Amino acid sequence: MSAPSQVVAPQVPPSDGDSRRRSLALFLRARRESLQPEDVGLPPSRRRRTPGLRREEVAVLANVGVTWYTWLEQGREIGVSAVVVESIARALRLADGDLAYLYELTGTRLPSRSSAPTELRDNLVRVLDGFSELPAYVVDRYWNVVATNELAEHVFGSEVGANCLADFFTEERVAERYPQRALVGRMIVGQLRRQAAAYPSDRTFDLLADRVSAASPEFAAYWTSYSVGVEPHVDITYDHPQMGRLTWQCTVLNPLGGEDLRLFLYLPRPGTGTAEALQRLR
C-alpha cells in the first residue's frame with residue numbers, strides 16, 4: 001500500500017508592507033551598529049558585546065519606548081508617526097540619502113528645510129524686478145522674506161531675511177500702520193496654520209509659534225484659538241509715514257517649482273489715491 005501523498009501548502013509571497021518593514025528593520029540595525037556612543041554625545045563604554053549603540057540608547061535619544069523601538073527593529077507591524085521618524089533620524093544622525101530612505105521606508109513625508117533652490121530664488125528676484133510699478137515680495141512657509149523688489153522695500157519696509165509674522169506681532173511700529181490690525185493679525189496667523197497643516201512633520205512651525213507667543217499675547221491668543229478662516233485676499237489698508245493712507249488689493253501667487261513659496265503682489269485700490277501716491281513716489 002502506497003504512502004499517502006503529502007499536501008504542500010502554497011507559498012504566500014511577502015506583501016509590500018512585509019518587505020518594507022523588513023528593510024526598515026535591517027536599515028535601522030545597520031545604522032545603529034555603525035555609531036559609537038561618543039558619536040551621539042554618550043560616554044564611551046569598554047564592555048560592549050555588540051557593535052555600535054544599544055537599542056536602549058537609541059530609544060532614549062529618540063525619546064521613544066525601548067520595547068516599541070525593539071519591535072520596530074524586529075519588523076513588527078506597528079504605527080509610526082512622522083514626528084517619531086524625525087526623532088529617530090536625529091538619534092541615528094541620518095542625513096541626505098539615508099534620511100530620505102528612512103522616510104520612504106516608513107511611508108511618511110520627508111520635511112523640507114530649504115524653502116527653494118538658489119536658482120529659483122534668483123529667478124524670483126528677476127520676476128519681482130519686472131513688477132517695477134507695484135510692490136511685490138516673496139515669503140516662504142514661515143513668513144520669511146526670501147525676495148523683494150525696490151518698491152516693496154520703500155512702501156512696506158520689506159527686507160530679505162525678515163520675518164513678516166514676527167515683525168507684525170513684536171514690533172509695534174509695524175502693526176500700528178494697519179488700521180485693520182486685528183483682521184490682518186488673524187489673517188497672518190491663519191495662513192501660518194494652513195502652512196503648518198501642509199507640512200505636519202516640520203516642527204519649525206511650533207518653534208516659531210513658541211518664540212512669538214512668548215513675546216506677543218496677541219499672537220498667542222490667535223494661535224491657540226486656531227484662527228484659520230480669515231480670507232487672505234481682502235483689501236489691505238496701510239498707513240505710510242510719508243505717503244499717507246494706502247489701500248491695496250492683494251494677489252497671492254505660488255511660483256512654479258517653489259511649492260511652499262508665496263508671491264504677494266499689491267495692486268492699488270481704484271479711487272483711494274493709492275495709485276497717485278505711488279506715481280509721486282516713482
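Preceding this paragraph is the structure being described.
Bear in mind that the values here come from a model prediction, so they are computed numbers and not experimental data.

Calculation notes
Throughout this document, residue positions are counted from 1 along each chain, in the order its sequence is written. This being a predicted model, a pLDDT of at least 70 is required before a residue's local features are given, and a value of 80 or more before pairs of side-chain atoms are given or counted; all residues contribute to the totals for chains, interfaces and linings. Computation of side-chain values: all heavy atoms of the structure, hydrogens and water removed. Secondary structure elements are taken from DSSP: a helix is a run of H or I of four residues or more, a strand is a run of E of two residues or more, and numbering for both begins at the N terminus. Burial classes follow relative accessibility: with a 1.4 Å probe on protein chains only, a residue under 20% of its type's maximum area counts as buried, one over 50% as exposed, and anything between as partly exposed. Contact between two residues is taken to exist if any of their heavy atoms lie within 4.5 Å; hydrogens are not considered. Where accessible areas are quoted, they stem from the Shrake-Rupley method and a 1.4 Å probe; at the residue level, only the protein chains shown are allowed to cover. Take the residue count of a helix, subtract one, and multiply by 1.5 Å to get its expected span. Every axis in this analysis is a line fitted to C-alpha atoms, fitted for helices over the stretch in contact. Angles between the N-to-C directions lie between 0 and 180 degrees. Relative orientations are named as follows: roughly parallel for angles under 35 degrees, roughly antiparallel for angles over 145 degrees, roughly perpendicular for angles from 65 to 115 degrees, and oblique for any other angle. For a crossing to be left-handed, the near helix must be turned anticlockwise from the far one by less than a right angle; the clockwise case is right-handed. Think of it as three bins: nonpolar holds Ala, Val, Leu, Ile, Met, Phe, Trp, Tyr, Cys and Pro, charged holds Asp, Glu, Lys and Arg, and polar takes everything else, Gly as well. Centres within 6.5 Å make a pair out of two Phe, Tyr or Trp rings, where for Trp the six-membered ring is used; the pair is then stacked when the planes are under 30 degrees apart, edge-to-face when over 60, and tilted otherwise. For a ring to carry a charge above it, either NZ of a lysine or CZ of an arginine must fall within 6 Å of the ring centroid while also lying within 35 degrees of the normal to the ring plane. Side-chain atoms within 4.5 Å are what join buried Ala, Val, Leu, Ile, Met, Phe, Trp, Tyr and Cys residues into a set we call a nonpolar core. In short, DSSP must find at least two bridges between two strands for them to pair. When a carboxyl oxygen of Asp or Glu lies within 4 Å of a side-chain nitrogen of Lys or Arg, that pair is called a salt bridge.

1. What about the overall build of the chain?
The number of helices and strands found in the chain is 13 helices and five strands. Counting over 282 residues, the chain shows a buried share of 40%. In the chain, the share of contacts with a sequence separation of at least 24, taken over all contacts with a separation of at least 6, comes to 53%. With an accessible surface of roughly 16,100 Å², the chain has 51% of that area assigned to carbon and sulfur atoms.

2. With respect to helix α10 (residues 181-198)
Its 18 residues place the ends of α10 26 Å apart at the C-alpha level, agreeing with the 26 Å of an ideal helix rising 1.5 Å per residue. Turning to α10, its buried residues are V184, G185, M187, I188, V189, G190, Q191, L192, R193, Q195 and A196. Of the surrounding secondary structure, the elements contacted by the buried residues of α10 are α8 (164-170), α11 (204-215), α12 (217-224), β3 (236-240) and β5 (262-268).

3. So, the packing of α10 against α12
Remark: α10 packs on α12, axes separated minimally by 10 Å, with the N-to-C direction vectors making an angle of 55 degrees. Considered as vectors, α10 and α12 are oriented oblique to each other. Here α10 and α12 pass one another in a crossing that is right-handed. Together, R181, A182, G185, R186, V189, L192 and R193 of α10 and E218, F219, Y222 and W223 of α12 make up the contact between the two elements. Of the residues assigned to the contact of α10 with α12, the class counts are six nonpolar, one polar and four charged.

4. What to know about the packing of aromatic side chains
Inspection of every chain in the model, using the stated rule, returns 16 aromatic pairs. Residues F156 and W248 carry aromatic rings whose centres are separated by 5.8 Å and whose planes lie at 55 degrees to one another, so their mutual orientation is tilted. Note that F156 is positioned in helix α7 (residues 150-156) and W248 in strand β4 (residues 244-253), a separation of 92 residues in sequence. Its guanidinium or amino end placed over the ring of W223, R193 lies 3.6 Å from that ring's centre, counting from NZ or CZ. A cation sits over an aromatic face here: R193 above Y226, 3.7 Å from the ring centre.

5. Notes on the nonpolar core
Membership of the largest hydrophobic core comes to 39 residues, with the highest contact counts inside it found for V155, F156, L165, F169, L192, F219 and W248. Discounting chain neighbours no more than four positions away, the residues touching F156 are P135, Y137, Y178, Y238, W248 and Y266. V58, V64, I88 and L105 belong to the second-largest nonpolar core, a separate cluster that totals 21 residues.

6. Some remarks on the sheet that holds strand β2 (residues 145-148)
One open sheet holds the five strands; their spatial order is β2-β1-β5-β4-β3, and the pairing between them is antiparallel. Across the chains shown, the open sheet's two edge strands, defined by having one partner strand only, are β2 and β3. The mean inter-strand angle of the sheet, taken between neighbouring strand axes irrespective of direction, is 30 degrees. Both strand β1 (residues 136-139) and β5 contribute to a ladder of four bridges, which runs antiparallel. Looking at β5, one finds that V139 is bridged to R262. Each of β4 and β5 touches helix α13 (residues 274-281); the most contacted strand, β4, lies at about 95 degrees to it.

7. A word on helix α2 (residues 55-62)
Of all the positions in α2, only E57, V58, A59 and A62 are classed as buried. Phi turns positive one or two residues past the end of α2, at N63, with a value near 60 degrees.

8. Brief notes about the pairing of β2
Bridge count between β1 and β2: three bridges; the pairing is antiparallel. Opposite V138, over in β2, you have A147 as the bridge partner. Counting the residues between successive antiparallel strands, the hairpin from β1 to β2 contains five residues, one of them, W143, with a positive phi of roughly 75 degrees.

9. Describing the pattern of salt bridges
Tallied over the full model, the rule gives 13 salt bridges. Between R181 and E218 there is a salt bridge; the shortest N-O distance is 3.2 Å. With R181 in helix α10 and E218 in helix α12, this pair connects stretches of sequence that are 37 residues apart. Overall, E218 belongs to the partly exposed group, its relative accessible area being 22%.

10. A few points about the packing of α11 against α12
Interhelical geometry of α11 versus α12 gives an angle of 135 degrees and a closest axis separation of 6 Å. Comparing their axes, α12 and α11 come out oblique. On α12, the residues touching A209, V212, S213 and A215 of α11 are P217, F219, A220 and W223. Partitioned by chemical class, the residues of the contact of α11 with α12 number seven nonpolar, one polar and no charged.

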